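Residue-level listing of the chains:
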Amino acid sequence: MLKNYLKSALRNLKQNYVFTGINTIGLSIALAASFIIILFVINEFSYNNCHKNRKSVYRILNYYSAFDHTLTGTPFILASTLKEEFPQIEHAINTRSIREFTIQHKGEDIPVNDAIGSSSEIFDIFTLPLINGKNTMTLLDDKQAICLSRSMALKLFSGTDVIGKEIIATINKEEHALTVTAVFEDIPKNSTFRAECLINNSFSIAYFNKKYETTNAETNWEENYWHTWVRLISDSNPSLIESQFTRFENKHMGENPVYHYSLQNLSDVYLGSEKVMNNNIQGNWNSIKIFSAIALLIVLVAMINYIILSTAVSSGRSKEVGIRKTFGAKDNQIKYQLLTESIVLTVIVLPLAIALMILGLPYAEGLFHTNLPVIEANILYYILFYFILTVLIGIISGLYTSVGLSKLTIINVLKDQNMTGKKKNFVRSSLIIFQLVIFCFFVASALVIRAQYQYSLEKNPGFHNKNVLLIDIKDSQNYTPFLNEIQANSNVIMASGAYSGLPTYSSMTMMFPHHQNKEKKVEVEGMIIDFDFLQTVGIPLTEGRYFSTDYGSDLANSCILNEVAVNALGIKDPIGKKINNQTIVGVVNDFHLHSFRSDIPPLKIWLTEKYLRQIAVYYKAASAKDLIPQLEKSWKKIAPEQAFSYSTVEEIIKDMYSEEKSRFSIVSIFAFFTMLIASFGLFGLTLFIAQSRTKEIGIKKVLGCSDTIIIFSFLRINILYVVIASVISIPITLYAMTEWLSDYSVRTEIHWWIFALSFLISGFVVIATVFIHSYRVTKLDPIKSLRYE
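Residues numbered from 1 in each chain as written. Predicted model: local features only at pLDDT ≥ 70, side-chain atom pairs only at ≥ 80, totals over all residues. Heavy atoms only, no water.

Let us look at helix α8 (residues 245-253). Among the residues of α8, those classed as buried are Phe245, Phe248, Glu249 and Met253. On an axial view of α8, the arc spanned by its buried residues comes to 100 degrees, and they lie on one face. Taken together, the buried residues of α8 touch α3 (77-85), α7 (238-243) and β13 (259-265). One or two residues past the end of α8 sits glycine 254, with phi positive at roughly 85 degrees. (Buried < 20%, exposed > 50% of the residue type's maximum accessible area, 1.4 Å probe, protein only. Helix = DSSP H or I, 4+ residues; strand = E, 2+ residues; numbered from the N terminus. Arc of directions from axis to C-beta. Contact = heavy atoms within 4.5 Å.)

Laid out in structure tokens, this is it:
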């Protein structure tokens with residue numbers, strides 16, 4: 001039975017080659033776009049699946065109550081202490097990225113980006129299969145031990161049989177001879193833990209002891225510079241362990257500690273760390289939701305295309321149905337036959353869609369601003385989801401036509417009452433309008449996103465957003481001599497430093513009591529700067545004064561607030577009042593410390609000498625081409641071993657809103673795909689309608705009807721579809737885009753011209769599509785048209 005269905009399905013698809021060809025193009029485009037998004041979504045959800053013990057592995061999070069931040073950093077001593085005091089914890093380790101790590105190879109120093117300091121138990125926490133090396137319990141016990149990834153071993157030795165070989169490495173500016181104790185397989189790309197090599201954690205301890213001139217980094221509960229991972233014994237209750245953390249904290253950090261620990265399962269690290277600071281690799285739920293919704297709409301358009309074309313050709317199939325019923329065919333047999341045709345068509349399209357997806361992946365990576373690797377461990381999931389989606393589209397697309405045709409009676413076929421009339425036309429018209437609504441929504445949304453992007457670039461954030469350079473200072477010892485060189489340059493108007501220039505991604509918050517209600521706590525952000533920084537970046541005062549070297553106490557005892565902080569803290573006449581033992585000497589205009597996605601926070605500004613990481617340079621307009629080489633030359637005199645690293649404020653602002661630019665590109669491209677798929681459907685529909693009206697058109701031409709009137713008869717109904725779709729799309733777009741814009745504290749208006757332009761674009765595409773075939777119809781010989789059928 002199935003074999004007969006398949007043979008019949010292939011024969012009918014071949015006979016209706018125009019229908020098959022148009023649907024093949026539309027479905028292949030829709031499936032390819034959907035497959036790329038499915039690849040992205042599966043990869044997002046598969047993070048850390050490569051670690052076999054992920055269900056029992058937890059990261060310790062550190063809530064810093066003084067600043068209201070959840071951190072990934074924890075003290076070194078935490079791991080060993082947890083293992084000693086909690087019998088449910090089987091393994092516990094510290095990990096720390098070694099930033100200054102190079103390996104000597106063929107006379108060159110090769111920088112290693114992912115060098116991790118840890119202990120031998122790391123092999124019991126993460127799944128790191130060994131190629132060479134046996135006893136995982138002692139691999140990193142020796143201070144001079146190093147474990148290499150397969151790629152690193154091949155790069156250094158052109159092979160993996162390297163146990164016992166020596167490597168000369170520079171770690172934190174000191175040269176060391178390390179011995180290879182193991183080679184492990186490259187860590188899959190869907191792991192939040194990344195490592196090219198592993199070394200003993202003693203190097204990270206020595207680094208912090210030297211940097212902060214201490215001797216107890218490994219025992220100090222205040223030094224939160226390591227990540228702590230634990231593996232629980234099977235069937236352990238993590239909630240029970242967390243409930244005992246308060247007692248644990250009080251024991252080791254005293255009463256009312258500012259640090260509070262919690263557990264985060266390894267499976268939740270990637271998609272569950274939105275509110276965790278210093279989390280390097282993490283996903284975005286909003287991206288998953290948006291891309292999934294786009295994929296759904298694209299698939300809907302393709303399915304609607306199929307249904308529209310199916311109803312158009314159904315008149316030709318009705319005679320076949322009538323004949324088969326005359327010879328005893330049952331309703332279910334006909335329904336299954338038509339459904340089989342639909343499924344076979346989508347399955348035939350599947351290889352083409354996969355080929356298009358593979359071709360489109362490099363472009364999609366640039367569009368999504370993310371890597372889209374085909375992960376070997378996920379291949380089964382890709383195939384399963386691709387096949388299920390393909391078959392599902394075939395079933396849903398063919399359901400309407402198969403049910404409608406299978407219910408026809410022989411009498412209805414003889415009377416030519418087959419799925420025709422108002423009901424069929426209403427369904428077809430509704431589906432066309434629905435397609436156009438999706439397209440109009442995409443176009444209008446893309447225009448709103450672009451308008452917000454342009455508005456964000458051009459809107460004054462409250463400080464100079466042009467003619468400012470931000471130069472990175474890695475070593476604080478270079479700050480003062482380089483600042484003097486900058487200030488001596490004739491192209492520079494002003495220059496000064498800060499921990500981070502404006503606008504900034506970094507955030508530092510603290511809690512202060514309200515001045516009128518002491519029980520109420522107010523969250524205030526902090527900003528640390530040098531003298532003259534506020535003047536350099538153009539932030540005006542509303543009252544009081546700027547910081548000045550004329551006041552000797554400013555460095556330690558003075559602060560400046562913004563207007564939001566004054567109001568939030570309930571401070572009346574703020575000048576001279578104290579906050580956190582510092583005197584308020586000035587109040588500045590509100591400005592956007594971060595992007596327009598967040599409100600202007602209450603802000604406390606104070607001076608520092610130690611933590612000045614960037615210098616802001618306000619320069620004369622049009623002098624950048626001359627100034628940058630001059631500053632680089634000055635930098636090379638002071639720090640010849642360090643690269644000259646800078647950004648313009650314009651570049652930083654553009655980068656800050658790159659997500660909006662990316663969203664505009666994504667929505668625009670999917671709008672194009674939607675219209676392309678819909679256009680093929682409209683073209684096919686016009687073709688079938690023209691064939692059914694061939695004799696009518698011939699009669700009209702014989703009676704003297706002009707080509708213009710005939711063409712307009714085709715265009716009229718389609719123009720009406722565009723008008724209706726545009727009107728319906730307006731409230732949908734307004735709601736969706738108003739919700740999207742609500743995430744911005746400063747946002748553009750949704751102007752009327754956006755909907756007008758959306759209407760014109762969709763109208764032009766529809767008219768052009770329908771006009772092409774309707775024009776050809778008018779050029780047919782009326783004598784031949786009258787002989788048609």
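Anyway, onward from the coordinates.
Turning to the environment of isoleucine 167, a few remarks are in order. Structurally, isoleucine 167 is set in strand β9 (residues 166-171). Here isoleucine 167 is in contact with Ile103, Ile146, Leu148, Leu156, Phe157, His176, Ala177, Leu178 and Val180, once residues within four sequence places are set aside.

For alanine 498, the position within the fold is in strand β15 (residues 492-498). Judged by its relative accessible area of 1%, alanine 498 is buried. Along the sequence, alanine 498 and lysine 610 sit 112 residues apart, while their C-alpha atoms lie 10.0 Å from each other. Here alanine 498 is in contact with Ile528, Ile529, Phe533, Tyr611, Leu612, Arg613 and Gln614, once residues within four sequence places are set aside.

The next subject is empty space enclosed by the protein. The final tally for this structure, using the stated rule, is two cavities of 30 Å³ or more. Roughly 70 Å³ of internal volume is contained in the second largest cavity. Contributing to the lining of the second largest cavity are 13 residues, with Ser456, Pro461, Phe596, Ile653 and Tyr657 lying nearest its centre. Within the residue set of the lining of the second largest cavity, elements represented by two or more residues are α13 (422-458) and α19 (649-656). Classifying every residue of the lining of the second largest cavity gives eight nonpolar, four polar and one charged. (1 Å grid on protein atoms, 1.4 Å probe; cavity = no way out; pocket = protein on both sides within 12 Å on 5 of 7 lines; lining within 4 Å. Points joined across faces, edges and corners; volume = space filled by probe spheres on them. Nonpolar A, V, L, I, M, F, W, Y, C, P; charged D, E, K, R; others polar.)

Overall, the coordinates contain 25 aromatic pairs when judged by the stated rule. On the basis of an interplanar angle of 20 degrees and a centroid distance of 4.1 Å, the ring pair of phenylalanine 35 and tyrosine 386 is categorised as stacked. Residue phenylalanine 35 is found in helix α2 (residues 17-45), and its partner tyrosine 386 is found in helix α11 (residues 379-406); the two are separated by 351 residues along the sequence. A single burial state applies to phenylalanine 35 and to tyrosine 386, both of which are buried. Relative to tyrosine 225, the ring of phenylalanine 208 lies with its centre 4.2 Å away and its plane at 5 degrees, an arrangement referred to as stacked. A residue pair is termed long-range when its members are at least 10 positions apart, and phenylalanine 208 in helix α6 (residues 202-211) and tyrosine 225 in the loop between α6 and β12 (227-232) qualify at 17 residues. By relative accessible area, which is 3% here, phenylalanine 208 ends up buried. With relative accessibility at 23%, the residue tyrosine 225 sits in the partly exposed group. Members of the aromatic cluster, each reached through a chain of ring pairs, are Phe76, Tyr207, Phe208, Tyr225 and Trp226. The side chain of lysine 143 reaches across the aromatic face of phenylalanine 203, ending 5.7 Å from its centre. Above the plane of the ring of tryptophan 606 lies lysine 604, whose end atom (NZ or CZ) is 4.1 Å from the centre. (Phe/Tyr/Trp six-rings, centres within 6.5 Å; stacked < 30°, edge-to-face > 60°. Lys NZ or Arg CZ within 6 Å of the ring centre and 35° of its normal.)

Consecutive side chains along a regular strand alternate between the two faces of the sheet. The sheet contact formed by strand β4 (residues 101-105) and β9 spans three bridges and is antiparallel. The partner of phenylalanine 101 across the bridge, within β9, is isoleucine 171. Here β9 runs beside strand β10 (residues 174-184); their pairing, made up of six bridges, is antiparallel. The residue bridging isoleucine 168 from the neighbouring strand is alanine 177, located in β10. (Pairing = 2+ DSSP bridges.)

What follows concerns unusual backbone geometry. The omega torsion across leucine 502 and proline 503 is -10 degrees, close enough to zero to call that bond cis. Residue position: proline 503 is located in the loop between β15 and β16 (509-513). Within the chain, lysine 173 stands out as a residue other than glycine whose phi angle is a positive 70 degrees. Considering the arrangement of structural elements, one finds lysine 173 in the loop between β9 and β10. Among the residues examined, lysine 173 registers a relative accessible area of 65% and is labelled exposed. A positive phi is found at aspartate 532, a non-glycine position, where the angle reads about 70 degrees.

All right, on to the nonpolar core then. Counting 113 residues, the largest nonpolar core has Phe35, Leu502, Met527, Ile529, Phe591 and Ile605 as the members making the most contacts within it. Once residues lying within four places of it in the same chain are set aside, the contact partners of phenylalanine 591 are Pro461, Gly462, Phe463, Leu502, Met527, Ile539, Ile600 and Leu603. (Core = buried A, V, L, I, M, F, W, Y, C linked by side-chain atoms within 4.5 Å.)

A contiguous nonpolar patch, built from Val723, Val727, Trp752, Trp753, Leu757, Phe759, Leu760 and Ile761 and spanning about 760 Å² of accessible area, is present on the exposed surface. Counting residues per element, the ones that place at least two in the nonpolar patch are α22 (707-741) and α23 (752-778). With six residues, the single largest contributor to the nonpolar patch is α23. What makes leucine 757 partly exposed here is its relative accessible area of 32%. (Patch = residues over 30% accessible without salt bridge, like charges linked within 9 Å, V, L, I, M, F, W, Y side chains within 5 Å. Areas by Shrake-Rupley, 256 points an atom, 1.4 Å probe, with all protein chains shown as cover. Salt bridge = Lys/Arg side-chain N within 4 Å of Asp/Glu carboxyl O.)

Read these as geometric descriptors, not functional statements.
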